[in-house]
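Residue strings, one per chain:
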Amino acid sequence: MKILLIFPGRGMMKENVLPLGIAYIGAYLKSRNHDVKICDMRIINFKDFKKILLDYSPECVGIHANTTNLKVGLKTAKFIKKKLPDCKVVCGGPHPTIAPKEVLKNKFVDVVVVGEGELTFLELVNKLETNEDISEVKGICYKKGKERIVTEPREYIQNLDILPFPTSILQLKDFLKKGPRFPVIPPSISMVVSRSCMYNCSFCQPTLRKIFGRKVRYRSVKNVIKEIKMLKRRYDIRTVFFFDDTLTVNRKWITKFCNEAIREKLKMNFICQSRVNTIDEELLKRMKRAGFYNIIFGIESGSMRILTRVLRKGATPEMNKKAMFLCKKLGLSVLANVMIGNPTEDENDIYLTYKLIKEFNPDLVYANITTPLPGTDLYDFCKKKRLFLVKNYNRSVYKQKIKLKHLNRTKLMKWKFKMQAFTFMPSKLIKPRYLKMTLKRWFAGIETRNFSMIVNDLIQGFENEGKRIIASLTPPLTYKRVMSTYRYLFGKNIGER
Ligand code: B12
Ligand code: SF4
């Protein structure tokens, strides 16, 4: 069958993050003799998309959707049905998984795939190809008259090594042209080699469990190293950015991976997302030897109350501090993700987060305004308490989404700029490790003729510097006063146990 897999967007993506969900599915379907094309609308314009669609004329289209790009995905579905009325439109991904019936309400969508897509989509297209009844296919939601029926759940793939490499189906050159975000050293590639997460953060779960189940599954180390070697050979890839939720959660796997990378002399740069409670000095040393140079932690908040009771992070501010200092000691760069504007949060809570960040001064901080997403426990909490300000999630995810007694958008933005350095900040170049990392990136940029990446770094860097200076001109004197009075009266900070 002729299948077109689409990642919806508006051709505006500046960085090279691969559409791995549809790539895994596409590579699997191709290996089962289907004719597959991938179209990432984040990197092409609509005119080119129209041409691909009409020239290829697929019999089935698969559209990826998360909550924020669902609207543009459905618009794409409408366009496809207008041009190719007989083409079957299937939707899958995080949002269709948490709200299959809602997505299927759209008259331009024929079927929704719930959860992990490879096995389900293969069975579905096989049936669609021969016009067979699809009601027996596990893991879908389909229309029967006016009814929408969800079939029984699909079992998860136990051995992920059966899947072909997702990068084998993508036109990687189109992605490599894009400059990766700071501090990635180009050419770089994004990978996701595990599925699911065993933690229970309120702003994330149960979405992930609904997509990939409870048990965390990994591709084998051998299989991952083989793909990396292929990418290095064919595209001279220098950085692998692991977007796995917590690459370090399985200590046995990550230790084996590092040992193999060292033994094979891969000489690759690695970046990964981690959790503060899954690392220690021994592991970090091994990771550094293997090539890891930047670790991303979800620090989220410096307030014990917000971190444990509201966000259910399963870590404490003390653990955050310890992990960041350990990285600093070992010469590893840290990117700290921080959430502000959480339900029930006040300025004292944010001040604690700011204090934590200021004390450690990580190389990079992304401060995001909390956006409770449908399908998460935090969303249900906000809905129950009637805290929502907006209904529309297609608007910027950076704006305030929930009502807060003591905080408004201006205050949140001020704290955001105070805490964050999106990319490169010129004033940080006085730190030797930061300077080394930046120069390594820029030299690689010059070598690969990626000059626009360097120019972008500079423009954004000065812009961020400006925002930071403006925010710092209005110091949080009031909060400081409140904090010190509280500390004087109770002998501890507000929010601390
Ligand atoms: C890497 C990543 C990013 C990257 C790149 C995203 C990308 N896909 O290109 C970046 C950093 C850019 C990013 C941004 C955002 N992300 Co993100 N991201 C991830 C992460 C960590 C991995 C994604 C991935 O590649 N997974 C591996 C593949 C194999 O999984 P998958 O994409 O889900 O695909 C499988 C199934 O969903 C299904 N499937 C997927 N598509 C399709 C299509 C069809 C037709 C079918 C049949 C099946 C199907 O089958 C696939 C294979 O089994 C996930 C968490 C996670 N572990 O998945 C969050 C996640 C997808 N992101 C999320 C969010 C919220 C965002 C942002 C909105 C964050 C923000 N505040 O800005 C933005 C949205 C940007 C956008 N317009 O898409 C949420 C989505 C939740 C939701 N309700 O939609 C997730 C699930 C994290 C979470 N736990 O909350 N993200
Ligand atoms: S550790 Fe990360 S991926 Fe896991 S539940 Fe928490 S936020 Fe989600």
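As the structure is a prediction and not an experimental result, all values here were calculated from the model.

A. Highlighting the overall build of the protein. Broken down by element type, the protein carries 19 helices and 15 strands. Over its C-alpha trace the protein gives a radius of gyration of 23 Å, about what one expects of a compact globule, namely 23 Å for 497 residues. Projecting the C-alpha coordinates of the protein onto the three principal axes gives extents of approximately 75 × 55 × 40 Å.

B. Representation of the site of ligand 2 within the structure. Close to ligand 2 lie Cys 197, Tyr 199, Cys 201, Cys 204, Gln 205, Leu 208, Asp 245, Thr 246, Arg 275 and Gly 298, which account for all nearby residues. When grouped by side-chain class, the residues that make up the shell around ligand 2 number five nonpolar, three polar and two charged.

C. The arrangement of the pairing of strand S4 (residues 88-92) in detail. Within S4, five of the five residues are buried, leaving the element largely enclosed by the surrounding structure. Burial of the side chains of S4 extends over both faces: Lys 88, Val 90 and Gly 92 are buried on one face and Val 89 and Cys 91 on the other. Pairing of strand S3 (residues 60-64) with S4 involves five bridges; the strand directions are parallel. Paired with Val 61 across the strands is Val 89, a residue of S4. The sheet contact formed by S4 and strand S5 (residues 111-113) spans two bridges and is parallel. What sits directly across from Cys 91, in S5, is Val 112.

D. Geometry of the domain arrangement of the protein. The domain boundaries assigned to the protein delineate domain 1 (2-150) and domain 2 (179-471). Facing the 15 residues of domain 1 at the interface are 17 residues of domain 2. Per-class residue counts for the side of domain 1 that touches domain 2 are six nonpolar, five polar and four charged.

E. Structural detail: helix H1 (residues 20-31). Look at H1: 16 Å from first C-alpha to last across twelve residues, which is about the 16 Å you get at 1.5 Å a residue. The element H1 is extensively covered by neighbouring structure, given that nine of its twelve residues are classed as buried. For H1, every residue scored as buried is listed here: Gly 21, Ile 22, Ala 23, Tyr 24, Ile 25, Gly 26, Ala 27, Tyr 28 and Leu 29. Where H1 is buried, its residues contact strand S1 (2-7), strand S2 (35-40), S3 and helix H6 (118-129). At the C-terminal side of H1, Asn 33 shows a positive phi close to 70°.

F. Spotlight on the sheet that holds S1. Taken in spatial order, the seven strands of this open sheet run S2-S1-S3-S4-S5-S6-S7, and their pairing is mixed. Here the strands that pair on one side only, and so sit at the sheet edges, are S2 and strand S7 (147-150). Strand-to-strand twist of the sheet, defined as the mean angle between neighbouring strand axes without regard to direction, takes the value 20°. By the bridge criterion, four bridges tie strand S6 (residues 140-144) to S7 in an arrangement that is antiparallel. If you follow Cys 141 over to S7, its bridge partner there is Val 150. Packed onto the sheet, H1 meets S1, S2 and S3 and runs at close to 165° relative to S2.

G. Here's a closer look at the site of ligand 1. Taken together, 36 residues surround ligand 1, and among them Gly 21, Gly 62, Asn 66, Gly 92 and Gly 117 come closest. Elements that contribute at least two residues to the shell around ligand 1 include exactly H1, S3, S4, helix H4 (94-98), H6 and helix H8 (207-212). Classifying every residue of the shell around ligand 1 by side-chain character gives 19 nonpolar, 14 polar and three charged.

H. Layout of unusual backbone geometry. Backbone torsion omega between Phe 182 and Pro 183 reads 5°, so that peptide bond is classified as cis. Within the secondary structure layout, Pro 183 lies in the loop between helix H7 (172-176) and strand S8 (188-191). Going from Pro 186 to Pro 187, the amide bond is cis rather than trans, its omega being -10°. By the secondary structure assignment, Pro 187 is in the loop between H7 and S8. Even without being glycine, Glu 300 reaches a positive phi, approximately 60°. At Arg 449, a position not held by glycine, the phi torsion is positive, near 55°. Locating Arg 449 in the fold gives a position in the loop between helix H17 (432-447) and helix H18 (451-472). Classification of Arg 449 by C-beta neighbours within 10 Å gives exposed; the count is 8.

Definitions and cut-offs
- Residues numbered from 1 in each chain as written.
- Chains lettered and ligands numbered in written order.
- Predicted model: local features only at pLDDT ≥ 70, side-chain atom pairs only at ≥ 80, totals over all residues.
- Helix = DSSP H or I, 4+ residues; strand = E, 2+ residues; numbered from the N terminus.
- Rg over C-alpha atoms; globule rule 2.2 N^0.38 Å.
- Near = placed C-beta within 6 Å.
- Nonpolar A, V, L, I, M, F, W, Y, C, P; charged D, E, K, R; others polar.
- Buried ≥ 20, exposed ≤ 12 C-beta atoms within 10 Å, placed from the backbone.
- Pairing = 2+ DSSP bridges.
- Domains from an automatic or database assignment.
- Contact = placed C-beta atoms within 7 Å.
- Expected span 1.5 Å × (residues − 1).
- Axes fitted to C-alpha atoms, helices over the stretch in contact; angles between N-to-C directions.

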